[in-house]
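Coordinate inspection notes
Each chain is listed here by its residues.
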Amino acid sequence: MEPKAKRAKHNEEGYTDTLPPEAKQRYFEKIVDIDGVDPYDIPKRSWSADPEDLPEVDYICIVNYFVFAKSANTKDEFRAYKSLKSYKAFQAGWVRDVVSYRPDGCQNTVVSAKVLRSQVLNEKPVSPWFIASADGTIVSAHCTCLEGLGETCTHVGALTFAVDAFNSAREKTTCTDEKAYWKVPEGAEGVSPKPAYAIDFGFARSGATVPAAMQERVVVPEPTEAELTELFQQLNSCKVKARILKMLPQYCDQYKTEDETTNH
């Protein structure tokens, strides 16, 4: 007797009704690992697009599945070495909308996506999925393409490599990329932010006193017109002309080229 899958609206609703009897039976056997929930019947709002929710699938997990996992039909190892080249499909950007779902109380997670067809890119994308345990072991897979019943098509492979890439990027996250990663140093409680001029950078030892002269803020008054005039005159007398003089009407003419002078 076929396990009853939980039904809900989805883009692939009714897909299992199109499968041959043996393939349909195998399909229901696979989804037992996610409590009988049909991935094609999971509501869109129930899927998670958060990479943190993806299973810990890596390259070793991918090889173990496509090469050493056994087919439910032949009982032999898949040895689907060709599927290991499907990382090129992922690199080409064929994998879209990677999402995951784990039923409440279940240890396994199903990962799904939309993958472009390799032969005709303008047709409707196929919908592969795979089920993996918490440690990243791939348990089973499926796809709506013609080779999907074999559980090792290139679309499934591209999806697994996409998850591997997500996990690799997550592992390479630097400490400053994470929220609240830096801890407050001991003894820094009660320290409030201050402008740079008010911070003492020279007396870090505990209990050290800062000289009164260093505690006072030095206020530099704005220069007067006479002081600016004298400054510009001194700059103009230098052998190397200061570029600021090009901005002043009384000095800018001397920076004009001969052509500019002739045209004027």
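An account of the accompanying structure is given in this report. Given the structure is predicted, the values throughout are model-derived calculations rather than measurements. (Residues numbered from 1 in each chain as written. Predicted model: local features only at pLDDT ≥ 70, side-chain atom pairs only at ≥ 80, totals over all residues. Heavy atoms only, no water.)

Moving on, we get to the nonpolar core. Counting residues in each nonpolar core, the largest one holds 32 residues, and the members touching the most others are Val57, Val95, Val98, Phe130, Leu159 and Val163. Of all the secondary structure elements, the ones that give two or more residues to this core are helix 2 (59-68), strand 1 (95-101), strand 2 (109-115), strand 3 (129-132), strand 4 (138-142) and helix 4 (154-171). Leave out the neighbours within four places in its chain, and Val163 touches Leu54, Pro55, Val57, Val98, Val111 and Phe130. (Core = buried A, V, L, I, M, F, W, Y, C linked by side-chain atoms within 4.5 Å. Buried < 20%, exposed > 50% of the residue type's maximum accessible area, 1.4 Å probe, protein only. Helix = DSSP H or I, 4+ residues; strand = E, 2+ residues; numbered from the N terminus. Contact = heavy atoms within 4.5 Å.)

Further remarks concern the sheet that holds strand 2. Taken in spatial order, the 4 strands of this open sheet run 1-2-3-4, and their pairing is antiparallel. The open sheet has two edge strands, strand 1 and strand 4, and neither has a second partner. Mean inter-strand twist for the sheet, computed between neighbouring axes without regard to direction, equals 20°. As paired elements, strand 3 and strand 4 share 4 bridges and run antiparallel to each other. Residue pairing in the sheet places Ile131 in a bridge with Ser140 of strand 4. (Pairing = 2+ DSSP bridges. Axes fitted to C-alpha atoms, helices over the stretch in contact; angles between N-to-C directions.)

Moving on, we come to unusual backbone geometry. Positioned with a positive phi, Asp35 is a non-glycine residue whose angle comes to about 60°. Within the element layout of this structure, Asp35 appears in the loop between helix 1 (21-30) and helix 2. Residue class for Asp35 comes out partly exposed when judged on its relative accessible area of 43%. Even without being glycine, Asp97 reaches a positive phi, approximately 55°.

Looking now at the pattern of salt bridges. One pass over the structure, following the stated rule, counts 5 salt bridges. Ionic pairing is found between Asp17 and Lys24, a salt bridge with its closest N-O pair at 3.8 Å. Through salt bridges with shared partners, a single network forms among Arg26, Glu29, Lys30 and Glu151. (Salt bridge = Lys/Arg side-chain N within 4 Å of Asp/Glu carboxyl O.)

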